[in-house]
Amino acid sequence: MSRSPRPRLAVLISGNGTNLQALMDAIQEGRLPATISVVISNRKAAYGLERARRADIPTEYFPLKPYRDAGRSRREYDADLARLAARYRPDWVVLAGWMHILSRAFLDRFPNRVINLHPALPGQFPGAHAIPDALEAYRQGKIRHTGVMVHLVPDEQVDAGPVLAAREVPIYPEDTLESLTERIHSVEHRLLVETLARLAQEEPSPCDSA
Ligand code: GAR
């Protein structure tokens, strides 16, 4: 993969893109020395695509359905997705609300370079319903707080892998799904930016020292 002075990010999304927005804002404000080289969505209606277009960031819509309809495998989709992302020469692939599990056909193309954001602490509540699952567990007295993590994606396990950063998020008795979601998102927005800024600093590219 390429090494550029400012790490190049390929951001994969499926939805609203508030975390993408946090990255764009941090870059704009000089808090994150990086460049978003492409935003890829598997959903056409993902609002994150609109956020990227408004910021003049290249976007790609890459749906799974045509592959399914043609009887093509998930591995083929993932391999083509990897080829598409690779065209933008990313240093890091950031899964910011990407709601597909990526197979090795994708991951092997970017070893140790795929980062996932998940709204739960390591080992807790994998999958697409982490926030409601945590709220339910809290109401049943099983947990006292939840959290957020950023981790590497080495394989096809769901929301698991070497943890780059994790932060606890409190849950309060009066919390609703909306209030907890809002609190988690605001922590995610900070943690994702901080983690990527740290990675960019820890690992200056060869070009930086030239
Ligand atoms: C975020 O909460 C992210 O952690 C979660 O999707 C949301 C996307 O929000 N990802 C997962 O649950 C991965 N299993 P956004 O589109 O507003 O950034």
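Data block above holds the structure.
Residues numbered from 1 in each chain as written. Predicted model: local features only at pLDDT ≥ 70, side-chain atom pairs only at ≥ 80, totals over all residues. Heavy atoms only, no water.

K.L.:
Help me out: how do you make sense of unusual backbone geometry in this one?
P.N.:
Note: most residues except glycine have negative phi, and most peptide bonds are trans. If you check the backbone angles, R89 has positive phi at about 45° while not being a glycine. Along the chain, R89 falls in the loop between helix 4 (74–86) and strand 4 (92–95). Located in the positive-phi region is D159, a residue other than glycine, with phi close to 50°. Note that D159 resides in the loop between strand 6 (145–152) and strand 7 (163–170). (Helix = DSSP H or I, 4+ residues; strand = E, 2+ residues; numbered from the N terminus.)

K.L.:
How should I be thinking about the site of the ligand in this particular structure?
P.N.:
Near the ligand you find 13 residues, and of these G17, T18, N19, D159 and E188 are the closest. H118 has a polar side-chain atom sitting 3.0 Å from a nitrogen atom of the ligand. Here an oxygen atom of the ligand and a side-chain polar atom of H185 are 3.2 Å apart. Within the complex, the protein chains bury 91% of what would otherwise be the 450 Å² of accessible surface of the ligand. (Near = heavy atom within 4 Å. Polar contact = N/O pair within 3.5 Å; in protein donor to acceptor, adjacent residues only side chain to side chain. Areas by Shrake-Rupley, 256 points an atom, 1.4 Å probe, with all protein chains shown as cover.)

K.L.:
I keep staring at the sheet that holds strand 6 and nothing clicks. Help me out?
P.N.:
Each strand in a sheet pairs with another by means of backbone hydrogen bonds, the pair being arranged parallel or else antiparallel. Reading across the sheet, the seven strands line up as 3-2-1-4-5-6-7 and stay open at both edges, with mixed pairing between neighbours. Looking at which strands have only one partner, the edges of the open sheet turn out to be strand 3 (59–61) and strand 7. Recorded for the sheet is a direction-independent mean angle of 20° between the axes of neighbouring strands. Two strands pair when backbone bridges link them, and strand 1 (residues 8–13) and strand 2 (residues 35–41) are joined in this way by six bridges, in the parallel orientation. Bridge pairing in strand 2 links L12 to I40. The sheet contacts of helix 1 (residues 18–28) involve strand 1, strand 2, strand 4 and strand 5 (114–118), and relative to strand 2 the element is tilted by about 165°. Packed onto the sheet, helix 2 (residues 47–54) meets strand 1, strand 2 and strand 3 and runs at close to 155° relative to strand 3. (Pairing = 2+ DSSP bridges. Axes fitted to C-alpha atoms, helices over the stretch in contact; angles between N-to-C directions. Contact = heavy atoms within 4.5 Å.)

K.L.:
I'm lost on helix 2 in this one. Help?
P.N.:
An α-helical turn contains 3.6 residues, so any two residues separated by three or four positions project in the same direction. Among the residues making up helix 2, those that are buried are G48, L49, R51 and A52. Viewed end-on, helix 2 has its buried residues packed into an arc of 160°, placing them on one side of the element. Packing partners of the buried residues in helix 2 comprise strand 1, helix 1, strand 2 and strand 3. The first or second residue beyond helix 2 is D56, which carries a positive phi of 60°. (Buried < 20%, exposed > 50% of the residue type's maximum accessible area, 1.4 Å probe, protein only. Arc of directions from axis to C-beta.)

K.L.:
How do you make sense of the pairing of strand 4 when you look at a structure like this?
P.N.:
Each regular strand carries side chains that alternate between the two faces of the sheet. Alternating residues of strand 4 divide into W92 and V94 and V93 and L95, and every residue in both groups is buried. Across four bridges, the pairing between strand 1 and strand 4 is parallel. If you follow L12 over to strand 4, its bridge partner there is L95. Where strand 4 and strand 5 come together, three bridges link them in parallel fashion. Note that in strand 5 the partner of V93 across the bridge is V114.

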